[in-house]
Amino acid sequence: MAHHHVTRIGKATHPLDAAAVQRLLPRPRPRVLALGEPTHGEDELLDVRNTLFRALVETVGYRTVALETDCLRGLLVDDHVTGVAPGAEDAPGATGDAALDDVMKRGFSHSDLGLGASPANRALVRWMRARNARLPAAERVRFAGFDGPLEITAAASPRQALTALHTYLAPHLPTALLPPETADTLDALLGDDDRWTDPEAMLDPARSIGRSPVADRLRLLADDLAALLDEHSPQLLAATTRDALDRARLHARTATGLLRYHHWMADTSPARMTRLVAVRDHMMAANLLALAERGPVLVHAHNSHLQRARSTMGTWEGTVEWWSAGALVAARLGDDYAFLATALGTLPHRGVHAPAPDTVEGLLHALPHSPSLTPTSHLTTALADAPATPRTSPWFGYAPLDPTDLAGSDGVVYVGEVGRALSARPLSAGP
């Protein structure tokens, strides 16, 4: 039976490239095209991402690359890749490398996952800047983080987002319209950042400041400032720039989202973890939808943040279920959202060896191409009479595909071996 499935699936499977992606999708250039990953921190998967995204930027016209990293830190990366003068590519040497070192250190979050230290992420940023140096502003590719300022065990203080929003609005609106808090009183309300970022609050709600009177006041203040921003957007757009207004909206979304997240950090009900993961993905979705208003977006994140099916995760408080950012964006954009899930065969340094032949990964592992692309519709049709067995992972950091969730993706990208050199050409800074 497995051989029969392999034969049927193999006819629809092709080497991964931009042309294969376009043939697979109902729209040649969906507004948001998302590529997932089943585990974090593997540069060979990121090399595959880089090669595909580069081709889609250059041949299909995507103009934003969004990664699962802090949306505020990502502004530093965007400034770096778009701020180069036309024709002024960085020459090899200490000055350019030092600037890139700083951007990689300060512009990426999730240091425990090594995002800023990743050679593949560094190559992506270097290529984007080099490409942009050869192009006028309208054709340049932008960088964005679309995650909230949320590390694995802590959430940031709302100080940066709330202060930036207040600073943007204050010069342009009458004092009578603004909340009574000035920049100084706002700073005093926020207090020490350590009160907000205490990592113990993830495990002990009593350690969270999120439901204190100060936090409640700040939530109302953030909501009022965000409303003022929307109500006066025509005036603000005329007085500043589109980019400045977009950044203020980002700060507004982040301030309100962070304060909502801290509110649920302090919760003691059984809904606590479900609400936290849902709030995070809601913030992600809002950022993606805002980016999509600017133009077509390429997105890369964990499969669980991008799939249309309901996501699940085991925690110390039990299993939680939520609708991912991808599911929320798909509900808004319809066919203008596309998602390619990524599956892998072996991850030997994590104890993940060749998949069993009756799993989805096992069927794909028997095919000759890697990386490959298989339409989900062909997988589900081939497996309709004999469903695949779910694969289990000996390592918690890798999430195999759930055969029952295949319909939540448009295609499956398969990488057979991770931990060895892939045949995919790594991204360089060249043309």
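All figures in this text were calculated on a predicted structure; none of them were measured in a lab.

## Some thoughts on the overall build of the protein
A count of helical and extended segments in the protein gives 17 helices and ten strands. Here the C-alpha radius of gyration of the protein, 22 Å, is about what a compact globule of 431 residues would show, namely 22 Å. Once the C-alpha set of the protein is aligned to its principal axes, its extents read approximately 75 × 55 × 40 Å. Within the protein, residue pairs in contact and separated by at least 24 positions form 80% of the contacts whose partners lie at least 6 positions apart. For the protein, the exposed surface amounts to about 18400 Å²; the carbon and sulfur share of it is 56%. Seen as two clouds, the 41 positive and the 50 negative side-chain charges of the protein have centres 5 Å apart.

## What about the pairing of strand β2 (residues 32-37)?
Within a regular beta strand, the side chains point alternately toward one face of the sheet and then the other, so they alternate between its two faces. Counting buried residues along β2, six of its six residues qualify, which places the element largely inside the surrounding structure. Here β2 shows two buried faces, one formed by Val-32, Ala-34 and Gly-36 and the other by Leu-33, Leu-35 and Glu-37. The sheet contact formed by β2 and strand β5 (residues 297-302) spans six bridges and is parallel. Paired with Glu-37 across the bridge in β5 is His-302.

## Topic: the packing of aromatic side chains
Per the counting criterion, the structure on display carries two aromatic pairs. With centroids separated by 5.7 Å and ring planes inclined at 65 degrees, the aromatic side chains of Phe-108 and Phe-143 adopt a geometry described as edge-to-face. Highlighted residues: Phe-108 in the loop between α5 (94-106) and α6 (119-132) and Phe-143 in strand β4 (residues 142-147), separated in sequence by 35 residues. A cation sits over an aromatic face here: Arg-211 above Trp-264, 5.1 Å from the ring centre.

## With respect to the nonpolar core
In this structure, Leu-33 and Leu-56 are the most contacted members of the largest nonpolar core, which totals 43 residues. For this core, the leading source of residues is helix α3 (residues 43-60), giving seven residues. Core analysis: the second largest hydrophobic core is formed by 36 residues, Leu-306, Tyr-337, Leu-364 and Leu-383 among them.

## Some words on the sheet that holds strand β10 (residues 411-417)
Here we have eight strands laid out as an open sheet, ordered β1-β9-β10-β8-β2-β5-β3-β4, and mixed in their pairing. The open sheet has two free edges, formed respectively by β1 (14-15) and β4, since each of these has just one partner strand. Judged from the four bridges that link them, strand β9 (residues 372-375) and β10 form a sheet pairing that is antiparallel. The residue bridging Thr-374 from the neighbouring strand is Val-412, located in β10. Relative to the sheet, α3 contacts β2, β3 (64-70), β5, β8 (337-346) and β10, its axis offset from that of β5 by approximately 170 degrees.

## Concerning the domain arrangement of the protein
For the protein, the domain assignment lists domain 1 (1-154 + 272-417) and domain 2 (155-271). Computed over C-alpha atoms only, the centres of domain 1 and domain 2 are separated by 29 Å. Opposite the 24 residues of domain 1 that make contact, domain 2 presents 26 residues. Taking both partners together, domain 1 and domain 2 bury about 2300 Å²; carbon and sulfur atoms supply 61% of that area. Considering only the side of domain 1, the residues that lose the most area to domain 2 are Leu-72, Arg-272 and Leu-276, jointly responsible for 30% of the buried surface there. Our enumeration of links across domain 1 and domain 2 arrives at twelve residue pairs in polar contact (both at pLDDT 80 or more). Of all the secondary-structure elements, those providing two or more residues to the side of domain 1 that touches domain 2 are α4 (74-82) and α13 (272-294).

## Brief notes about the pairing of β4
Of all six residues in β4, six are buried; the element is thus mostly enclosed. Taking every second residue as pointing to the same face, both faces of β4 are buried, with Arg-142, Ala-144 and Phe-146 on one and Phe-143, Gly-145 and Asp-147 on the other.

## A look at the environment of Arg-294
Tracing the sequence through the fold places Arg-294 in helix α13. Accessibility expressed as a relative area gives 35% for Arg-294, which makes it partly exposed. Sequence separation of Arg-294 and Asp-246 is 48 residues, and the distance between their C-alpha atoms is 9.4 Å. Excluding residues that lie within four positions of it along the chain, Arg-294 makes contacts with Thr-64 and Arg-142.

## A closer look at the pattern of salt bridges
Going through the model one piece at a time under the given rule, you end up with 20 salt bridges. Among the ionic pairs, Arg-106 bridges to Asp-102, the shortest N-O distance being 2.9 Å. Placement of both Arg-106 and Asp-102 in helix α5 is noted, with a separation of four residues, approximately one turn of the helix. Asp-102 gets classed as partly exposed once you look at its relative accessible area, which sits at 32%. Across the salt bridge formed by Glu-321 and Arg-310, the nearest N and O atoms sit 3.3 Å from each other. With Glu-321 in strand β7 (residues 318-322) and Arg-310 in the loop between α14 (303-306) and β6 (311-315), the pair connects residues that are eleven residues apart, well separated along the chain. For Glu-321, a relative accessible area of 41% puts it in the partly exposed group. Overlapping salt bridges, with partners in common, bring together Asp-78, Asp-79, Arg-142, Asp-243 and Arg-247 in one network.

Thresholds, definitions, all that
- Residue positions are given per chain, counting from 1 as you read along its sequence in written order.
- The predicted nature of this model means local features are confined to residues of pLDDT at least 70 and side-chain atom pairs, given and counted, to a pLDDT of 80 or more, with totals for whole chains, interfaces and linings taken over all residues.
- Just so you know, side-chain values use all the structure's heavy atoms and leave hydrogens and water out.
- Secondary structure elements are taken from DSSP: a helix is a run of H or I of four residues or more, a strand is a run of E of two residues or more, and numbering for both begins at the N terminus.
- Put simply, the radius of gyration uses C-alpha atoms, and a globule should come to 2.2 Å times the residue count raised to 0.38.
- Only heavy atoms matter for contacts: two residues are in contact if any of them lie within 4.5 Å across the pair.
- Residue-level accessible areas treat just the shown protein chains as cover; the underlying method is Shrake-Rupley with a 1.4 Å probe.
- Neither His nor the chain ends is counted toward charge; the positive residues are Lys and Arg and the negative residues Asp and Glu.
- To locate a charge, the coordinates of NZ of Lys, CZ of Arg, CG of Asp or CD of Glu are taken.
- Any residue under 20% of the maximum accessible area for its type is buried, any over 50% is exposed, and the rest in between are partly exposed; the area is computed with a 1.4 Å probe on protein chains only.
- Here a strand pair is declared whenever DSSP counts at least two bridges between the two strands.
- Stacked, edge-to-face and tilted labels apply to pairs of Phe, Tyr and Trp rings (six-membered ring for Trp) whose centres lie within 6.5 Å, assigned for plane angles under 30 degrees, over 60, and everything in between, in that order.
- Only when the NZ of Lys or the CZ of Arg is both within 6 Å of the ring centre and within 35 degrees of the ring normal is a charge said to sit over the ring.
- Nine residue types can take part in a nonpolar core, namely buried Ala, Val, Leu, Ile, Met, Phe, Trp, Tyr and Cys, and a core is a set of them joined through side-chain atoms within 4.5 Å.
- Geometry is summarised by axes, namely lines fitted to C-alpha atoms with helices restricted to the contacting stretch, and by angles between N-to-C directions that run from 0 to 180 degrees.
- In this entry, domain limits derive from an automatic or database-based domain assignment.
- The term buried area denotes the loss of accessible surface (1.4 Å probe radius) that occurs when two parts are joined, taken as the sum for both partners.
- By the criterion applied in these results, polar contacts are pairs of N or O atoms within 3.5 Å in which, for protein atoms, one can donate a hydrogen and the other can accept it, and in which residues neighboring in sequence qualify only through two side-chain atoms.
- Throughout this description, the term salt bridge denotes a Lys or Arg side-chain nitrogen within 4 Å of a carboxyl oxygen of Asp or Glu.

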